[in-house]
Structure formats: C-alpha cells, structure tokens
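Breakdown of the fold
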Amino acid sequence: MVREVIKDIWAVGAIDWDRRLFDELIPLPDGTSYNAYLIKGSEKNILIDTVDPTKEKELLENLKSLNLKIDYLISLHAEQDHSGAIPKILELYPEAKLITNKKGKEFLMDLLLISEEKFITVEDNEKISLGNKTLQFIFTPWVHWPETMIAYLLEDKILFTCDLFGSHLATSDLFVKDKEKVYEAAKRYYAEIMMPFRSQIRNHLNKIKNLEIKMIAPSHGPIYSEPDFIINAYEDWISDKVKKEVVLVYVSMHNSTRVMAEFLISELINCGIKVIPFNLTKTDIGELAIASVDAATVLIGIPTVLTGPHPAALFVIYLLNILKPKTKYLGIFGSYGWGGKTLEFIKNFTTNLKIELLPPVLIKGYPKKDDFLLLKDLVEKIKEKLKALDF
Ligand code: FEO
C-alpha cells in the first residue's frame, strides 16, 4: 500500500499489525509500523530507510507500483527494522547509492554485509540535491544508536526523524488523528527506547529549534502534521521536572510483601499522593516504563529468595537502571525469612540512577505492628520529599 504524504513524496513502508514484541523484550500492544519514504525530485529520487526484513515483500511491491528509479537510498539508522531490506533494494536497484554517515556505514557493513563501493558517506549538515528538492542531514547520535541521524527536506520543510519522535503504533491513519492514543504510544516509545538518552535529546532539540518544520515523518507510527504536538511532549519528558507520583512495583511469594505493598498503597492514597501500583507477575513492563517517565518516587517490594532479592524484582531494578528515568527517590520494602543481602544487590544495581535511597523497610516474615509503623514512617518521608519539590 502506497500513500501520498504530499505531492511527489510517498509513504512506502509497511504496517505490522500483529507484532507484539520487539528485541524479544519490549511489548508492542498496538503493533508498529516501519515507515519508508520515497521522494521524487526533478533530477534524482531517494528512498529514506527501508523496513524490517519480515516486511520486505511489501516494500518491494510498493516501490514496484510507483515504478520510479531510485538514485539514493538513505539509511538514517542502521538497526534492522529500518535497514533490513537494504540488501534487497541494492540488488533490485543496482544504480542506487547508499547514503549514510561513517558510523552508519560501519554498522551496515558489519550487520548486513553490504560492500564498501555501494556507500556515499555524509557529514553533519551536508546537503544533497535532487534537483528541485534538497535534503540536509543532521547528526543526532544516540537516539538511540551512535550513528543515528535525521534529514530535513528544505523546500517542503519535512523532518525525517527515523526512531526519534516515533511510536510503536499500527494504525490506518497516515497522519496523527487520535492525539490521545498517539501521545500514549509515543510516550511508551520514549520510555522504552529514548529515555536513557535524555541529555542527548536535549541537544538535538536545540539543533532543530531554528528549523521551520511543517511535518515530522518518523519511521514508526503516524506522521505529525502538527510538529509542536510531539516536540512539546518531548520537551516535557526530557525536562528535569518530576510529578508528585509514586510508582510502586512489587512481587510477593507468600503474601508478606503484598500486605506491605497494599498497606503502602492505602497510606499513600490517604495522604493524597498519586500511586501507580504494579504487581510484577502481571505487569506489562512498557506500562511500568511509561509510569516511570515522570514519577518522583519509585517503591519496590522485594521478597528475599535464599540470600538475595527475588529475581523478578531484580529484573525491574536492572531495567530501571538502564532506562535511567529522572526519578529522585527510591524506596525498598519487603520480607525475608532468615536474612539476605537484598540491600547490597540494590545498591550495586542502581549505579546509573541519580536517586536518593529512602530508609529501607526489610522485615522478617509477615509484617507485625512495628513493621507497619516503619511503613508509615516511609510514607511520611515520601510526603516530606514530595512537598519539598514544590515549584
Ligand atoms: Fe526502529 Fe532503532 O530501530
């Protein structure tokens, strides 16, 4: 299916309605799309990115139906969901040159075994002319690989951003229509993919702020015909501002940690504090990642297994440590049978996080009267900390 974006620019990628997992890790409740764009210039035509190898056939059919030559194939990002069909395109369009940057070339040679003579490498801000259209490359490393770049079509004022500003959302809407739905999907995408690179994104937003942008065309999800919608959302997500919310994650083996979690939830609600609970045995980790984008505090309920934390809780701590949310406070609670080194594990697994560790409440067996008092103290501490965030 080929769809016209504007005159002489077509969306030629594929919608993946059924995909439910990315990187064998990230849940995709709404599927995704791999957007590729064909631009017809008065002298040259270019294809921006390709699709996941599973959707190669669709891309080829789309290109065939347009029946245009391809002079340049642009790779904005070497990850296979965008680059996977490059070898086939180069085979079917032997005249096409593959344009990327030096790092992108290394990746593509390494990952897809593309031969060196196919490449043209570009520098930051370099432009290529298609005759009546000009494409400028803007390097945006680490969103989310070291080679990532975006491209600005000067005459039409369209910014092609590949992963940046994308959303894992399979939809028949070529352009954003259901803003609420797209906001959630884009926030999930940010949380899972982009959040570790907040400071790099801040630099990239500064780089593009002087461009006049009429449209942002990412490589996942619908196109933004109102670019401020997604740029403002990113400005908010990457800012240091946190919300006075508590994300409470727990796993419980014999109910002791669950009772503590439920007590904390009630106390927080009684104090008027928004709490977002997740029982780890039932949690979509994407939902947890979304909740952690803005929350000032994360509480993790961890039962001890043998001598250390329950592996499910450790998985979440590991995940948060690599996603690097802007969370300010971390609280640990849970129950053990005869001892353990849970706290040491937590300290070793949170080295990326700039957090203050609140007084842990790790108790023996089922919670007793004094243990509930410790949990009350923890809630009081959170209340104080959140109050101090008043801006
Ligand atoms: Fe959509 Fe980083 O690939």
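Please read all numbers here as calculations on a predicted model, not as lab measurements.

Between its terminal C-alpha atoms helix H10 (residues 311-323) stretches 18 Å, which fits the 18 Å expected from 13 residues at 1.5 Å a residue. Considered for burial, the residues of H10 that qualify are Ala-313, Leu-314, Val-316, Ile-317, Leu-319, Leu-320, Asn-321 and Leu-323. Here the buried face of H10 lies against helix H5 (179-194), strand E17 (243-250), helix H9 (285-292), strand E19 (295-301), strand E21 (308-309) and helix H11 (342-349). Immediately downstream of H10, the backbone of Lys-324 shows phi near 50 degrees, a positive value.

With that settled, the discussion passes to the domain arrangement of the protein. The domain boundaries assigned to the protein delineate domain 1 (3-238) and domain 2 (243-383). Between the C-alpha centres of domain 1 and domain 2 there is a distance of 38 Å. Contact with domain 1, which involves 15 residues of that partner, is made by 16 residues of domain 2. Taking both sides of the interface into account, the surface hidden between domain 1 and domain 2 amounts to around 1300 Å²; carbon and sulfur atoms contribute 62%. Residue Lys-187 pairs with Asp-294 through a salt bridge whose shortest N-O separation is 2.6 Å. At the boundary of domain 1 and domain 2, one finds five residue pairs in polar contact (both at pLDDT 80 or more).

On to the environment of Gly-337. Relative to the helices and strands, Gly-337 is located in the loop between strand E22 (329-336) and H11. Each C-alpha atom, one on Gly-337 and one on Leu-306, is 8.2 Å from the other, the two residues being 31 residues apart in sequence.

This part takes up the packing of H9 against H10. As a packed pair, H9 and H10 sit with axes 11 Å apart at the nearest point and diverge in direction by 50 degrees. Overall, the two elements H9 and H10 adopt an arrangement that is oblique. By crossing handedness, the relation of H9 to H10 is classed as right-handed. Residues Ile-285, Leu-288, Ala-289 and Ser-292 of H9 lie in contact with H10, whose contacting residues are Phe-315, Val-316, Leu-319, Leu-320 and Leu-323.

Let us look at the environment of Leu-174. With respect to the secondary-structure elements, Leu-174 resides in the loop between strand E15 (158-162) and H5. Separated by 185 residues in sequence, Leu-174 and Pro-359 have C-alpha atoms that sit 50 Å apart.

Next up on the list: the pattern of salt bridges. Overall, the coordinates contain 26 salt bridges when judged by the stated rule. The salt bridge partner of Asp-240 is Arg-198, with a shortest N-O separation of 3.1 Å. Placement of Asp-240 in the loop between helix H7 (227-238) and E17 and of Arg-198 in helix H6 (residues 198-208) is noted, with a sequence separation of 42 residues between them. Take Asp-240: its relative accessible area is 48%, and that puts it in the partly exposed class. On the basis of relative accessible area, Arg-198 is assigned to the buried category, the value being 17%. Glu-267 is the partner of Lys-376 in a salt bridge, and the nearest nitrogen-oxygen pair spans 3.4 Å. Taken as a pair, Lys-376 in helix H12 (residues 369-388) and Glu-267 in helix H8 (residues 256-270) lie far apart in primary sequence, 109 residues in all. Overall, the relative accessible area of 38% leaves Lys-376 in the partly exposed class. For Glu-267, a relative accessible area of 16% corresponds to the buried category. In this structure, a network of salt bridges that share partners links the residues Arg-188, Glu-192, Asp-284 and Glu-287.

Rules of the game
Residues numbered from 1 in each chain as written. Predicted model: local features only at pLDDT ≥ 70, side-chain atom pairs only at ≥ 80, totals over all residues. Heavy atoms only, no water. Helix = DSSP H or I, 4+ residues; strand = E, 2+ residues; numbered from the N terminus. Expected span 1.5 Å × (residues − 1). Buried < 20%, exposed > 50% of the residue type's maximum accessible area, 1.4 Å probe, protein only. Contact = heavy atoms within 4.5 Å. Domains from an automatic or database assignment. Buried area = accessible area lost by both parts, 1.4 Å probe. Salt bridge = Lys/Arg side-chain N within 4 Å of Asp/Glu carboxyl O. Polar contact = N/O pair within 3.5 Å; in protein donor to acceptor, adjacent residues only side chain to side chain. Axes fitted to C-alpha atoms, helices over the stretch in contact; angles between N-to-C directions. Parallel < 35°, antiparallel > 145°, perpendicular 65-115°, else oblique. Left-handed = near helix turned anticlockwise from the far one by under 90°.

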